[in-house]
Amino acid sequence: MSGGRLVEGASSLCACVDIVSWSRRGSAADREALARDLAEALHRAAVTAVPAAGPLPAEYSGDGALLVFPPDIVEGRTIGILVLSLILSLRRRNQGSPPGGRLRVRVGLTRGTIRTGALGWSSDAVISASRLVDSDELRQSLDRYPAADLALIVSGQLYQDVVRQGVTALDRNWFWPAYVRRKSFEAQAFIYVSDRSVTAQPAGPPALPGAPETFRVGTPLPVFVPGWAANLSGPAPDEAVTGAEVQATIDAWRAGRRAPLTPEQVRVGFQEIQAMITEAARLTADGRPGAALAHLNLAMATVPGTFAIGVAVARVLLATGGFGAACREMVDELLGHGSQPVQSVVEPLMLRAEAWYQDGEFARAAGDLQQALAATPPGGDAWAVALLRLGDCQEILAGAGPAEALWREVARVRPLNPDAGLRLGHLEVARGQSMSARDHLDRALTVVRRDPSSAMALNSAALEHALLMGLYTAHRDLGALDEARSCLQQAYQVNPENAFTLTEMAIDAHVRGEARGPLYAGWAVLRAVRDANGNLALDRLRENGLLPEKRYRLALSDWERTRT
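Owing to the predicted nature of the structure, the values given are computational and were not obtained by experimental measurement.

### Let's talk about the nonpolar core
The biggest cluster of nonpolar side chains holds 43 residues, and the ones touching the most others in it are Leu467, Tyr520, Leu538 and Leu541. Elements with a minimum of two residues in this core: helix H15 (418–431), helix H16 (434–450), helix H17 (460–477), helix H18 (481–494), helix H19 (499–511), helix H20 (516–528), helix H21 (534–543) and helix H22 (549–563). In terms of residues, this core owes the most to one element, H17, which gives 8 residues. Dropping the residues within four chain positions of it, Tyr520 is found in contact with Tyr492, Leu502, Met505, Ala506 and Ala509. In terms of nonpolar packing, the next biggest core, distinct from the first, is built from 36 residues, Leu13, Val17, Ile19 and Val163 among them.

Right under this line is the structure:
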C-alpha cells in the first residue's frame, strides 16, 4: 500500500481499475509495459482530480489498482476529472497501437466507510468496487463497443447522489442501468463507456434514458400497465363468450332498434333497463362477460334496441378481449345515427379507441380519443381516462416526451390520480430515475389502497399489481433489496398467476440459493405462453439460467402458436 491521507472510518470514494485481457498478452514484458502505462495514467488522473491531496492511498496488483480518495473531496468534480483524464491518457497511449496492443481498462466507483486490516483495506465499499469492475455486465459493454478504451461502472447510490444530479463532467444520459449479480453479491449499478461510435452487435445496451423506445405499455417492463377497461385475470372458463353468442346479441339489438317503442315500454322499462346495464357493468368488471351478455339480452326483451344497451353491449365485447372488430362495428352503428347529444358519444368513441388500441391501430385510437376530448369537460373522469390513453398512444407514435406532457397534465389537474402516477413512475424507471419513480409509484399505491374507486382501470387490483411491480423495480435499482422483495411478495399475493411476477420470484429465489427457484420458473413458463408479452418473461428466465435452451425454444414455439 502506498500514498498518504487515509482517514480511518471515514466515508470515502473508492476506485477499482482493471486491465482488459491482461492474461492474454504475449509476454511478461508486454504485461509489465501495460501495468507501467496504467500506473502513470492513474497517477496523472489522480493528481489532476485532487491536486491538493498529494499521492493517494493505493494498492496495486499485477493487472490493476485500488485507489481511495480523501473524504473531504467534491465528489462530482473528482469523478468527472478522474474519468476524463484517464480517457485522454488512454487515447494518447493507444494511438497507432495494433489491435492486440491497446490498453483498455474497466473502472468501478463506489463510496463507503474505509478500514484497514493486516492485509490491506477492508470494507463493503472496497468489495463492491471489486465485484462491480469484475462483473459480466461491464465486460460485455467493452465487447459491445470495441472503439472504447474505458468502461466505467458506478454503484446505484453513487449514481443517484452524484451523477444523476448533473454535477460531474460526464453526460448522465450516456449511462445505462445494469443489475449485477456475482457470487453472493447483487446490486444495481450504472455503466458508461468512453466511445460508442462502433457497435459490435446490433442489440446494444438497454435503451438510453430519453430514447423513444424506453417505455411501452406492457413492454419492455415486466409489468402489465392496465388500460381503463383492463381486467386482471380475464374471464373464467365457464364465462367464455362465443362468436355465435356475440352475433346473436348484435342481431337482436339491430332488430329491436328498428322496432318502435310502445308507451308501456317507455313507462316501465327504462328504470329496469338501467339497473340491468349497471349489473352488466359490474359482471364485466368481475371477469364474467358471459353473464353480462345474458343480462343485456334480458334487457332487450323488455326494451329492445336502445342506445344505452348498444353502448353496454360494446363495453362487454371490448372486455372479452377477442371481439374488438365487433365492438367497433357496434360503435359505428351507434354513431352513424347522429341524433344523440354530444356528450353521449364520448363513451362510444372511447370504447372504439380502446378496441383500436388493442389491435395495435394507435393512430386511429388517438383520433377517436381526440374527438372524445373535444366533447368532454376538462377535469372529469372521462377527460382523465381519454388523456391517459391518448398519452399511451402518443408514446408509441411520437415518443416519451409528448406522452409525458399528457400524463403530467392529468397529474396536475388530479394530483391523486393513481393511473397517472403509474405511467409517470414507470417512465422514470425506464430513464434510470429510480428515486423519482419510487415517489410516483408509492404515492399512487397509497391512494389506490385507500380508495380503490380512484383507479381509472376497471379492475383496481390490476393497477395495484402494476404499481407493486414498478416499486419492486425501483427499489431493486436503488439497491434496497429488502424493500424490493417485499413489493414482489405483495405483487404475488395480488396476482399469483402473473407470468412476470413469477419470473422475478424465480430469479430472486435462484439468486438466494432457494430450492423454490425452479418451481416458480415452471409456473412462470406455463403462464408466459398464454401472455401477450410472455416472450419477454421467457427471455428473462433463459438469461438468468432458469430455462435451458431446448425448453426455451419449445416454450417460445407454444407462445407463438397462442398469438396466431
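### Comments concerning the environment of Thr78
Note that Thr78 resides in helix H2 (residues 75–94). As for Thr78 and Leu13, which are separated by 65 residues in sequence, their C-alpha atoms are 9.4 Å apart. Contact partners of Thr78, with chain neighbours within four places excluded, come to Leu13, Ala49, Val50, Phe69 and Ile73.

### Notes on the pattern of salt bridges
As enumerated under the stated definition, the model contains 34 salt bridges in all. For the salt bridge of Arg412 with Glu409, the shortest nitrogen-to-oxygen distance reads 2.8 Å. You can see Arg412 and its partner Glu409 sitting in helix H14 (residues 400–413), 3 residues apart, about one turn around the helix. With a relative accessible area of 58%, Arg412 lands in the exposed category. For Glu497, the salt bridge is made with Arg527, and the minimal N-O distance between the two is 2.8 Å. Of this pair, Glu497 sits in the loop between H18 and H19 while Arg527 sits in helix H20, and the two are 30 residues apart along the sequence.

### Thoughts on empty space enclosed by the protein
If you walk through the whole model with that rule in mind, you get 3 cavities of 30 Å³ or more. In this structure, the largest cavity occupies an estimated 80 Å³ of space. Around the largest cavity, the lining residues are Tyr179, Arg181, Glu186, Tyr472, Arg476, Leu481, Ala484, Arg485 and Asp508. The leading source of residues in the lining of the largest cavity is H18, at 3 residues.

### Re H22
Compared with the 21 Å implied by 1.5 Å per residue over 15 residues, the 21 Å span of H22 between its first and last C-alpha is a close match. Along H22, the residues that are buried comprise Tyr552, Ala555, Leu556 and Trp559. Viewed end-on, H22 has its buried residues packed into an arc of 105°, placing them on one side of the element. Exposed positions of H22 whose direction lies more than 90 degrees from the buried face are Lys550, Arg553, Leu554 and Arg561. Each element contacted by the buried residues of H22 is listed here: H20 and H21.

### Thoughts on the packing of helix H13 (residues 381–398) against H14
Packing of H13 against H14 leaves a shortest axis separation of 7 Å and a crossing angle of 165°. As judged from the angle between their axes, H13 and H14 are roughly antiparallel. Note that H13 runs across H14; the crossing there is left-handed. For the pair formed by H13 and H14, the contact residues are Trp383, Ala384, Leu387, Leu388, Leu390, Gly391, Asp392, Gln394, Glu395 and Ala398 on the first element and Ala400, Pro402, Ala403, Leu406, Trp407, Glu409, Val410 and Val413 on the second. Tallied by class, residues from the contact of H13 with H14 come to 13 nonpolar, 2 polar and 3 charged.

### Examining the packing of aromatic side chains
Applying the stated criterion across every chain, the model contains 6 aromatic pairs. Seen in terms of ring centroids, Tyr159 and Phe175 are 5.8 Å apart; in terms of plane orientation they differ by 55°. Their pairing is tilted. You can see Tyr159 sitting in helix H5 (residues 156–161) and its partner Phe175 sitting in the loop between H5 and strand E8 (176–182), a full 16 residues away along the chain. Accessibility classification places Tyr159 together with Phe175 in one group, the buried group. Taking the centre distance of 3.7 Å and the plane angle of 10° together, the rings of Tyr159 and Phe190 count as stacked. In this pair, Tyr159 sits in helix H5 while Phe190 sits in strand E9 (residues 185–193), placing the two residues 31 residues apart along the sequence. Given a relative accessible area of 1%, Tyr159 falls into the buried group. For Phe190, a relative accessible area of 1% translates into the label buried. Grouped by ring-pair contacts, the aromatic residues Tyr159, Phe175, Phe190 and Tyr192 constitute a single cluster. Seen from the ring of Tyr357, Arg389 lies directly overhead, with NZ or CZ sitting 3.8 Å from the centre. Above the face of the Tyr552 ring, Arg542 is positioned so that its terminal group lies 4.0 Å from the ring centre.

Cut-offs applied
Residues numbered from 1 in each chain as written. Predicted model: local features only at pLDDT ≥ 70, side-chain atom pairs only at ≥ 80, totals over all residues. Heavy atoms only, no water. Core = buried A, V, L, I, M, F, W, Y, C linked by side-chain atoms within 4.5 Å. Buried < 20%, exposed > 50% of the residue type's maximum accessible area, 1.4 Å probe, protein only. Helix = DSSP H or I, 4+ residues; strand = E, 2+ residues; numbered from the N terminus. Contact = heavy atoms within 4.5 Å. Salt bridge = Lys/Arg side-chain N within 4 Å of Asp/Glu carboxyl O. 1 Å grid on protein atoms, 1.4 Å probe; cavity = no way out; pocket = protein on both sides within 12 Å on 5 of 7 lines; lining within 4 Å. Points joined across faces, edges and corners; volume = space filled by probe spheres on them. Expected span 1.5 Å × (residues − 1). Arc of directions from axis to C-beta. Axes fitted to C-alpha atoms, helices over the stretch in contact; angles between N-to-C directions. Parallel < 35°, antiparallel > 145°, perpendicular 65-115°, else oblique. Left-handed = near helix turned anticlockwise from the far one by under 90°. Nonpolar A, V, L, I, M, F, W, Y, C, P; charged D, E, K, R; others polar. Phe/Tyr/Trp six-rings, centres within 6.5 Å; stacked < 30°, edge-to-face > 60°. Lys NZ or Arg CZ within 6 Å of the ring centre and 35° of its normal.

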